[in-house]
Amino acid sequence: MPTTTREARVDFDLPESAAAVREGVRAIAAKYDQDYWTRCDEEKRWPEEVWRELVHGGWHSLAIPEEYGGAGQGLLELAVALESLADAGAGGAASFMYLLTPAFGGLTIARHGTEEQRRAFLPKIASGELETCFAITEPDAGSNAIAIATQARRDGDGFTVDGQKIWISGVERADFLVLVTRTIPAAEARPRTAGFTVLLVDVKEAVAEGTLTYRPIPKLGTNTVASSMVFLDGVRVPADRVLGEVDQGFAVLWDILNPERILAAASGVGFGELVLRTACDYARDRAPFGTPIGAHQAVAFPLARIKAQVELARLMTYKAAWLWDRGRPCGSEANIAKLTAADAAWQAADRAFQTHGGMAYSLEYPVARMFRDARIAKNIPVAEELVLAHIAQHELGLPKTY
């Protein structure tokens, strides 16, 4: 056995910055009960009151460098903020509040924007003057990002963009759209990941010019933000609105997709905690046969198992965010975090439904909304089957099947 000692490098304590974020966001969320979130969902409206408080406190601009008006923190702090908001009552509604502008806009521009872009965009994001959204998915390509067909053609000192995107959340609020395009068609690109270019599109300008239109898609849940079909017909984008390099946008794309998966995982962790708490509160109070139903192992043990799953998902979520903040590879960790957190949240919602029995079907309880919102996390931002394919190929060394 070695006789020398060295300082331990594993530390499971959250840094003080993240602990402060947790308390700050929880204090805001505590002001809004489940009836508030239910009303926002029923009225299909953005939780504007909560958003304004997050902006006012700087809790949305955690990952923006201090010189541009942000807190100078990282993805870990964003993940903790999102988890805390979901846990404290927002549930699935919390996801897009931290994905659309804090991550897709602030985090991406901070890492891949030019100095001019950072000066132009980040202070306005930090102050709440500017909001963003993200567009990659297309009707025909689906989950196969390589096959997207939205084309950006060089046109004088900029680009002209034509194509369609689907399931684009928040475009109706956004000032700028972080748009993934092809500047080399997929059939001609060598390697296949070449030819991507990420553009910043002025949404309001394009709408005014009639070159960008969108149509909301009626959907089952997460109705606090609309998700739309987006049509791009001759959208003009100046050359200084390219994020990263022309034709080399795949590097930028991975620095959007991995944080998206990590933040989706953080949402699942917080959502799982919220749903478990809802189920346990009911199980402690409900006693149709004289004893609280939570005293019975058939009710208690499934909830206890889900709690274990949530805690494991939390560990991987924090690890993935920690790796990303240090510029280290985190693709597998981000995928595993998303897979386990989404499944834990769904299992929690399903078990909460069963725990409430027939009352889960009543809209007087929040369980129905939680049930709807939890299910989609198994499909977005990436389907669990594709996550499993990634793990099989990259972690197990099994042959690629797609």
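Residues numbered from 1 in each chain as written. Predicted model: local features only at pLDDT ≥ 70, side-chain atom pairs only at ≥ 80, totals over all residues. Heavy atoms only, no water.

Observations concerning the overall build of the protein chain
Here's step 1: A tally of regular secondary structure across the protein chain gives 12 helices and 8 strands.
Here's step 2: For 402 residues, the compact-globule formula gives about 21 Å, and the C-alpha radius of gyration of the protein chain, at 22 Å, lands near that figure.
Here's step 3: For the C-alpha atoms alone, the extent of the protein chain along its principal axes is close to 80 × 65 × 45 Å.
Here's step 4: Sequence separation of at least 24 residues holds for 72% of the intrachain contacts in the protein chain that already meet a minimum separation of 6.
Here's step 5: Total accessible area computed for the protein chain in this model is approximately 18700 Å², and 53% of it derives from carbon and sulfur atoms.
Here's step 6: When the 42 positive and 52 negative side-chain charges of the protein chain are each reduced to one mean point, those points stand 4 Å apart. (Helix = DSSP H or I, 4+ residues; strand = E, 2+ residues; numbered from the N terminus. Rg over C-alpha atoms; globule rule 2.2 N^0.38 Å. Contact = heavy atoms within 4.5 Å. Areas by Shrake-Rupley, 256 points an atom, 1.4 Å probe, with all protein chains shown as cover. Lys, Arg positive; Asp, Glu negative; His and termini not counted. Charge placed at Lys NZ, Arg CZ, Asp CG, Glu CD.)

Quick word on the nonpolar core
Here's step 1: Membership of the largest hydrophobic core comes to 94 residues, with the highest contact counts inside it found for Val 50, Leu 54, Leu 85, Phe 134, Leu 177 and Leu 212.
Here's step 2: When residues of this core are assigned to their parent elements, the largest contribution, 11 residues, is made by helix 5 (residues 94–112).
Here's step 3: Grouped together as the second largest cluster of nonpolar side chains are 27 residues, Leu 274, Ala 279, Tyr 282 and Ala 360 included. (Core = buried A, V, L, I, M, F, W, Y, C linked by side-chain atoms within 4.5 Å. Buried < 20%, exposed > 50% of the residue type's maximum accessible area, 1.4 Å probe, protein only.)

A closer look at the environment of Leu 199
Here's step 1: Topologically, Leu 199 is positioned in strand 5 (residues 196–202).
Here's step 2: Leu 199 sits in the buried class, given a relative accessible area of 0%.
Here's step 3: Ignoring sequence-local partners within four residues, the contact set of Leu 199 consists of Ala 152, Phe 159, Val 161, Leu 177, Val 178, Leu 179, Thr 181, Val 237, Arg 241 and Val 242.

Notes on the pairing of strand 4 (residues 176–182)
Here's step 1: Taking burial as the measure, the 7 residues of strand 4 include 7 buried ones, the bulk of the element.
Here's step 2: In this structure, strand 1 (residues 132–135) lies alongside strand 4, joined through 4 bridges in parallel fashion. Paired with Thr 132 across the two strands is Phe 176, which belongs to strand 4.
Here's step 3: Pairing between strand 4 and strand 5: 7 bridges, direction antiparallel. (Pairing = 2+ DSSP bridges.)

Section: the UniProt feature "domain: Acyl-CoA dehydrogenase/oxidase N-terminal" (unreviewed entry) in the protein chain
Here's step 1: UniProt records the feature "domain: Acyl-CoA dehydrogenase/oxidase N-terminal" (unreviewed entry) for residues 16–129 in the present numbering.
Here's step 2: In the segment residues 16–129, helix accounts for 72% and strand for 0%; the C-alpha atoms at its two ends are 29 Å apart. (UniProt positions renumbered as here; feature names shortened; annotations may be inferred.)

Some remarks on the state of the cysteines
Here's step 1: Scanning the model with the defined rule gives 0 disulfides in all.
Here's step 2: Not engaged in a disulfide, the cysteine Cys 40 finds its nearest cysteine sulfur in Cys 133; these two sulfurs lie 20 Å apart. (Disulfide = S-S within 2.5 Å.)

Details of the packing of helix 5 against helix 6 (residues 115–127)
Here's step 1: Contact geometry of helix 5 with helix 6 gives a least axis separation of 10 Å together with a crossing angle of 150°. Here helix 5 is positioned roughly antiparallel relative to helix 6, judged by the angle of their axes. The two elements helix 5 and helix 6 cross, and the hand of that crossing is left-handed. Touching Thr 101, Gly 105, Gly 106, Ile 109, Ala 110, Arg 111 and His 112 of helix 5 are Gln 117, Arg 118, Phe 121, Leu 122 and Ile 125, all from helix 6. (Axes fitted to C-alpha atoms, helices over the stretch in contact; angles between N-to-C directions. Parallel < 35°, antiparallel > 145°, perpendicular 65-115°, else oblique. Left-handed = near helix turned anticlockwise from the far one by under 90°.)

Topic: the packing of helix 10 (residues 331–356) against helix 11 (residues 367–376)
Here's step 1: Put simply, helix 10 and helix 11 touch, their axes get as near as 9 Å, and they point 155° apart. When the axes of helix 10 and helix 11 are compared, the pair comes out roughly antiparallel. Considering only the axes of helix 10 and helix 11, their crossing is left-handed. In this structure, helix 10 contributes Ala 345, Trp 346, Ala 349, Asp 350, Ala 352, Phe 353 and His 356 to the contact, and helix 11 contributes Val 367, Met 370, Phe 371, Ala 374 and Arg 375.
Here's step 2: Looking at the contact of helix 10 with helix 11 residue by residue, the class counts come to 9 nonpolar, 1 polar and 2 charged. (Nonpolar A, V, L, I, M, F, W, Y, C, P; charged D, E, K, R; others polar.)

Re the pattern of salt bridges
Here's step 1: The tally for this structure, following the rule as stated, stands at 28 salt bridges.
Here's step 2: Where Glu 83 meets Arg 314, a salt bridge forms, and the shortest distance between an N and an O atom there is 2.3 Å. Taken together, the residues span a long stretch of sequence, with Glu 83 in helix 4 (residues 75–90) and Arg 314 in helix 9 (residues 297–325) at a distance of 231 residues.
Here's step 3: A relative accessible area of 2% places Glu 83 in the buried class.
Here's step 4: Look at the salt bridges and you will find they share partners, linking Arg 22, Glu 83, Glu 273, Lys 307, Glu 311 and Arg 314 into a network. (Salt bridge = Lys/Arg side-chain N within 4 Å of Asp/Glu carboxyl O.)

Looking at the pairing of strand 7 (residues 227–238)
Here's step 1: Judged from the 10 bridges that link them, strand 3 (residues 158–169) and strand 7 form a sheet pairing that is antiparallel. Counted as the bridge partner of Gly 158 is Pro 238 from strand 7.
Here's step 2: Where strand 6 (residues 212–216) and strand 7 come together, 5 bridges link them in antiparallel fashion. Bridge pairing links Tyr 214 to Val 230 in strand 7.

Notes on helix 12 (residues 384–394)
Here's step 1: Considered for burial, the residues of helix 12 that qualify are Val 387, Ala 389, His 390 and Ile 391.
Here's step 2: Looking at the buried residues of helix 12, the elements they touch are helix 10.

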